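# Per-entry structural report
The primary structure of each chain is shown beneath.
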Amino acid sequence: MRGKNIEHMAEEAEAAKYGAFLFDNGARYEGSYIMKDEQTEGEAEPTKVMVRNGVGIYKLDGNIYEGEWVADKMHGHGENRGKSIAVLRNVCAGVFKFMDGSKYDGDWVDNEFHGQGKYQWSTGAYYMGAWEKNRFDS
């Protein structure tokens, strides 16, 4: 599954669907998605691919991301959690928790911590403030 250019996605807007998907690597996604045509080299006709777009939950190896997706990337406000499972909310918010107990609750752009957010280490220490491309901006 490949991400798509955000501007390009806006031009190709399609009604979002809701579903659950299990990927070859064991990952699971449940949430909003759209189907897009993707041209594969050597193929005469484009094939339909699922693109995560909207709000959904992604789980892989004990890590969980619940939040917004744009063009198949974590984008907007989201939460990534490790082992706990939360109920999908019809709001553009979420959290990412890591298996070691650390968690990030904040804004995302193109699969990176970007904007305002709080990262809390498993020790309880935390940084809250601005992020840019996965790095806190002090």
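Reading the values: rules and limits
- Residues numbered from 1 in each chain as written.
- Predicted model: local features only at pLDDT ≥ 70, side-chain atom pairs only at ≥ 80, totals over all residues.
- Heavy atoms only, no water.
- Phe/Tyr/Trp six-rings, centres within 6.5 Å; stacked < 30°, edge-to-face > 60°.
- Helix = DSSP H or I, 4+ residues; strand = E, 2+ residues; numbered from the N terminus.
- Buried < 20%, exposed > 50% of the residue type's maximum accessible area, 1.4 Å probe, protein only.
- Lys NZ or Arg CZ within 6 Å of the ring centre and 35° of its normal.
- pLDDT = per-residue confidence, 0-100.
- Contact = heavy atoms within 4.5 Å.
- Pairing = 2+ DSSP bridges.
- Salt bridge = Lys/Arg side-chain N within 4 Å of Asp/Glu carboxyl O.

Moving on: the packing of aromatic side chains. Applying the stated criterion across every chain yields a total of 17 aromatic pairs. Seen in terms of ring centroids, phenylalanine 21 and tyrosine 33 are 4.8 Å apart; in terms of plane orientation they differ by 85°. Their pairing is edge-to-face. Residue phenylalanine 21 is found in strand β1 (residues 17-22), and its partner tyrosine 33 is found in strand β2 (residues 28-38); the two are separated by 12 residues along the sequence. Judged by relative accessible area, which is 24%, phenylalanine 21 ranks as partly exposed. A ring pair is formed by tyrosine 58 and tryptophan 69, whose centres lie 6.0 Å apart and whose planes are at 65°; its orientation type is edge-to-face. Taken together, the residues tyrosine 58 in strand β3 (residues 47-60) and tryptophan 69 in strand β4 (residues 63-70) connect sequence positions 11 residues apart. The ring of tyrosine 29 carries arginine 52 above its face, with NZ or CZ at 5.8 Å from the centroid.

Confidence in the prediction for the protein chain averages 76 pLDDT; 76% of positions are at 70 or higher. With pLDDT under 50 throughout, residues 1-12 is counted as low confidence; its partners more than four residues away or in other chains account for 25 contacts. Contacts for the low-pLDDT stretch residues 82-93, under 50 throughout, to residues beyond four places or in other chains number 34 contacts.

This next bit is on the pairing of β3. Pairing analysis gives 10 bridges linking β2 to β3, with the strands arranged antiparallel. If you follow isoleucine 34 over to β3, its bridge partner there is valine 51. Where β3 and β4 come together, seven bridges link them in antiparallel fashion. Looking across to β4, one finds that glycine 56 is bridged to glycine 67.

All right, on to the pattern of salt bridges then. Pairing is possible between side chains that carry opposite charge, provided their charged atoms lie close to one another. Going through the model one piece at a time under the given rule, you end up with three salt bridges. For aspartate 37, the salt bridge identified is with lysine 48, shortest N-O distance 3.3 Å. Note that aspartate 37 is positioned in strand β2 and lysine 48 in strand β3, a separation of 11 residues in sequence. For lysine 48, a relative accessible area of 52% translates into the label exposed. Measuring nitrogen to oxygen at the nearest pair gives 2.9 Å for the salt bridge that ties arginine 52 to aspartate 72. A residue pair is termed long-range when its members are at least 10 positions apart, and arginine 52 in strand β3 and aspartate 72 in the loop between β4 and β5 (73-81) qualify at 20 residues. Each member of the pair, arginine 52 as well as aspartate 72, is classed as buried.

This part is about unusual backbone geometry. Even without glycine at this site, alanine 71 takes up a positive phi of about 55°. Within the fold, alanine 71 resides in the loop between β4 and β5. Unusually for a residue other than glycine, lysine 133 sits at a positive phi of about 50°. For lysine 133, a relative accessible area of 54% corresponds to the exposed category.

What follows concerns the side chain of serine 102. Positionally, serine 102 belongs in the loop between β6 (95-97) and β7 (103-109). Given a relative accessible area of 1%, serine 102 falls into the buried group. With residues up to four places along the chain from it excluded, the contact list for serine 102 reads Phe96, Lys97, Tyr119, Gln120, Trp121 and Ser122.

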